[in-house]
Amino acid sequence: MGRRPAKCYRYCKNKPYIKSRFCRGVPEPKIRIFDIGRRDADNEEFSSCVHLCSGELEQLSSEALEAARIVVNKYMSTKCGKDTFHLRVRAHPYHVLRINKMLSCAGADRLQSGMRGAWGKPYGLAARVKIGQIILSIRSKPALLSHCIEACRRAKYKFPGRQNICVSDKMGFSRLTVGEYQQYKAEGRLLVDGINVKRRTATGPLDRENGILTF
């Protein structure tokens, strides 16, 4: 028996139903890797960022997320090289899908009770996304911005509903805009935090020699 079409599980009709000790026997999600590409590049090298945002309140299956990850990785690796981008899938499939299997053979009505006890068995996993929520993000060099947009456009074909491609004004995956990043860097207020950066605030211990706040 094949998979049901994704239109059967597209809408967020019920409460979230996650894997727990009460919900056992849940299959593994098809997508297992959420970060691919050159993950350790700093924000100054990969300063451009493109987001693929959801335009609907819906559920995205783990198979669709894996298909989008594959098509983005294939396109960016072919056109730009495997070390010229960093892709991060931001939607995680935690919602458990259920199926109430029905027999279709002759005399099936004698073997099953129809809609009595219709609570289904775990069947798959999906991510529940809201309007405006980011599905995936790509950061790369400013010269490759057009390729990032094209990769997101191709990933749109793997999802139901509408999606929007947004070019971020932030510095890579950080929360600082380009102007804020340059300002804080000139003031010496940036702290490197992996691929992210933190901003030193004007609070903290006093400098013992001068009695002033140190950044």
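Now for a look at the structure at hand. This structure is a prediction, so every number in the text was calculated from the model and none was measured.

**Structural notes on the layout of surface pockets**
Alright, step 1. Its volume calculated, the largest pocket comes out at about 410 Å³.
Alright, step 2. For the lining of the largest pocket, the element with the highest residue contribution is strand 5 (residues 95-99), accounting for five residues.
Alright, step 3. For the second largest pocket, the calculated volume is near 240 Å³.
Alright, step 4. Residue lining of the second largest pocket: 23 residues in total, with R3, S61, E63, L97 and L125 positioned closest to the centre.
Alright, step 5. Those elements giving two or more residues to the lining of the second largest pocket turn out to be strand 3 (58-61), helix 1 (62-79) and strand 6 (121-129).
Alright, step 6. For the lining of the second largest pocket, the leading source of residues is strand 6, giving four residues.
Alright, step 7. Of the residues assigned to the lining of the second largest pocket, the class counts are 12 nonpolar, four polar and seven charged.

**Details of the pairing of strand 10 (residues 196-199)**
Alright, step 1. As paired strands, strand 9 (residues 190-193) and strand 10 are joined by four bridges and run antiparallel to one another. Opposite L190, over in strand 10, you have R199 as the bridge partner.
Alright, step 2. In sequence, strand 9 turns back onto strand 10 through a hairpin of two residues, with G194 there showing a positive phi of about 70°.

What counts and how
Residues numbered from 1 in each chain as written. Predicted model: local features only at pLDDT ≥ 70, side-chain atom pairs only at ≥ 80, totals over all residues. Heavy atoms only, no water. 1 Å grid on protein atoms, 1.4 Å probe; cavity = no way out; pocket = protein on both sides within 12 Å on 5 of 7 lines; lining within 4 Å. Points joined across faces, edges and corners; volume = space filled by probe spheres on them. Helix = DSSP H or I, 4+ residues; strand = E, 2+ residues; numbered from the N terminus. Nonpolar A, V, L, I, M, F, W, Y, C, P; charged D, E, K, R; others polar. Pairing = 2+ DSSP bridges.

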